[in-house]
Structure formats: structure tokens, C-alpha cells
Amino acid sequence: MTHSRIEIVRADITRLEVDAIVNAANSSLLGGGGVDGAIHRAAGPELVAECRLLGGCATGEAKITKGYRLPARFVIHTVGPVWRGGEHGEDALLASCYRSSLELAASRELRTLAFPAISTGIYGFPFERATRLALREIRAFVSEHTLPQRVVLVFFSESDERLAHALTAEG
Ligand code: AR6
């Protein structure tokens, strides 16, 4: 069962009108490919200018900026782990990305938050393992906090969205 406050959608995350979208960034926070590149393109050059002031971000942590030209008001930048076989703390670091982003959103009193599938693209984290972990962390957080009120898990491809729906049915 998906929690009533957790939603799974297929979308381009840069189009979503939510309080904040999460960016699957790298530790420089200065942009890159994948969803990071799409977010920086859609937000405009002011985003990288603000990111330059943040001094990077450690893996598993999160930092917030404004959303500039995005429909989202804020961007929460988090740095997922690079998959190195699963024995290098990858699960704990990915869980920490979700928790840190949710904590930051709650501390800013944000009501709606959208996540991409962090680390499952260029960083190579196995999709099913990452999605189960994301669901577990988000469910645990929302059961203990009133904010964010709604959390959206965004998938880019139809097959990823379908698989995510199947995984939510597991429990
Ligand atoms: N909206 C929603 N999801 C998207 C979008 C989009 N517009 N574009 C891609 N995805 P990735 P990572 C999905 O590679 O694995 C960057 O260079 C994509 O299908 O963007 O955490 C950073 O700077 C995949 O499921 O992030 C880092 O160097 C998911 O987003 C590195 O990539 C994450 O894929 C981070 O790699």
C-alpha cells in the first residue's frame, strides 16, 4: 500500500508545482547531467550562482536554494552515493539523502516535496533496491511528522513508474 501522503507519478520533475523539488546532485553542487542538468537548465543561471555560495555538499547530506525560474519555490540538493557493489555504505548513504531532504523540508515548513529516483541513473544504484529504500524512509518519516504533508516520488520512464507501483504493493 502506498501511504495516503505518498504519491508515485511519471513526470519531468522540473515541471512540478510543488514547494520543493529534490535534485540528485554531485558534491560540487555546480550542476551536471541527468536530472541535475535538467533542473539547472529550467531554473536558469541564478541557481548555479546561489549554489556557488554553498561550498558543496557531502554525500548523504542536503542543502536548499531557491527555485528561480522553476515552478517549484525551492530546490533541495542532495548527493546520492555512487554504487560500488553495495558493501560501501551505499544503503545508509541513500537513506540519509531521503531523511536529510525530508528534515530540511519540514524545518522550512514546506508542505509538498518531490523526489527523483536518487542515484539510480548515472550513479548506478540498482533501481529496485533504491526504490524500496526510498519508500521505507519516506513512510517512516511521514508517519512521525506532519510536514511535508505530501511527498511525490517522480519517475521519468514508464517502466520505472510501473515497477515503483509494484514495489509499493509489497508493503
Ligand atoms: N525528471 C525526473 N527524473 C529524471 C529527470 C527529470 N527531468 N531526468 C532524469 N531523471 P541521474 P544520479 C531520472 O543520473 O544517478 C549528475 O551528473 C533518471 O531517469 O540524474 O543520482 C549529477 O551531477 C534516474 O532515474 O542522478 C551527478 O554527477 C534519476 O533521475 C550524477 O548525475 C536519477 O538519475 C548523479 O547521478
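Residue positions are given per chain, counting from 1 as you read along its sequence in written order. Reporting of local features is limited, given that this is a predicted model, to residues whose pLDDT is at least 70; pairs of side-chain atoms are given and counted only at 80 or more, and all residues count toward the totals for whole chains, interfaces and linings. Just so you know, side-chain values use all the structure's heavy atoms and leave hydrogens and water out.

**What about the overall build of the chain?**
Here a helix means four or more residues in a row that DSSP labels H or I, a strand means two or more in a row labelled E, and each is numbered from the N terminus. Tallying secondary structure elements over the chain gives five helices and six strands in all. Going from N to C terminus, the chain has its helices and strands arranged as β-β-α-α-β-β-α-β-α-β-α. In terms of overall size, the chain behaves like a compact globule, its C-alpha atoms giving a radius of gyration of 15 Å where 171 residues would be expected to give roughly 16 Å. Structurally, the chain occupies a C-alpha span of about 40 × 35 × 30 Å along its principal axes. Out of the 171 residues in the chain, the part that is buried amounts to 50%. This radius of gyration counts C-alpha atoms alone. The globule rule is 2.2 Å times how many residues there are, raised to the power 0.38. Here's how the labels work: a residue is buried when its accessible area is under 20% of the maximum for its type, exposed when over 50%, partly exposed in between, all with a 1.4 Å probe on protein chains only.

**Quick word on unusual backbone geometry**
Cis geometry is found at the peptide bond from Leu147 to Pro148, where omega equals -5°. Structurally, the position occupied by Pro148 is in the loop between α4 (127-144) and β6 (150-155). Although it is not a glycine, Leu29 sits at a positive phi angle of roughly 60°. Taking relative accessible area as the criterion, Leu29 reaches 2% and is therefore assigned buried. Unusually for a residue other than glycine, Glu109 sits at a positive phi of about 60°. Here Glu109 shows up in the loop between α3 (90-107) and β5 (112-115). For Glu109, a relative accessible area of 61% gives the class exposed.

**Details of the packing of aromatic side chains**
In this analysis, rings of Phe, Tyr and Trp, with Trp reduced to its six-membered ring, are considered paired at centre separations within 6.5 Å, and the interplanar angle assigns stacked below 30 degrees, edge-to-face beyond 60, and tilted for intermediate values. Summed over all chains, the structure comprises three aromatic pairs. Ring centres of Phe127 and Phe155 lie 5.7 Å apart, and the angle between their planes is 70°; this geometry places the pair in the edge-to-face category. Separated by 28 residues along the polypeptide, Phe127 in helix α4 and Phe155 in strand β6 bring together distant segments of the chain. The two residues Phe127 and Phe155 agree in class, both being buried.

**Description of helix α5 (residues 158-168)**
Among the residues of α5, those classed as buried are Glu161, Ala164, Leu167 and Thr168. Down the axis of α5, the smallest arc covering the buried residues is 125°, so these residues share one side. Summarising the contacts, the buried residues of α5 are in contact with β1 (6-10), α4 and β6. To obtain the arc, one takes the directions from the helix axis to the C-beta atoms. Note on contacts: a residue pair qualifies if any of its non-hydrogen atoms lie within 4.5 Å across the two residues.

**A closer look at the site of the ligand**
We call a residue near a given molecule or strand whenever any one of its heavy atoms falls within 4 Å of it. Of all residues adjacent to the ligand, which total 21 residues, the nearest are Asn26, Gly33, Val35, Asp36 and Ile122. In this structure, Asp12 approaches the ligand through a side-chain N or O atom, which is 3.0 Å from a nitrogen atom. Here an oxygen atom of the ligand and a side-chain polar atom of Thr120 are 3.0 Å apart. Only the protein chains shown count as cover for residues, and all accessible areas are computed by the Shrake-Rupley method using a 1.4 Å probe. Summarising the interface, the protein chains cover 89% of the accessible area of the ligand, which totals 710 Å² for the free molecule. Where the shell around the ligand is concerned, the elements lending two or more residues are β2 (20-25) and α1 (34-43). It is α1 that contributes the most residues to the shell around the ligand, four residues altogether. Counted as a polar contact is a pair of N or O atoms within 3.5 Å, where, for protein atoms, one must be capable of donating a hydrogen and the other of accepting one, and residues adjacent in sequence contribute only when both atoms are in side chains.

None of the figures reported here should be taken as evidence of function without further support.
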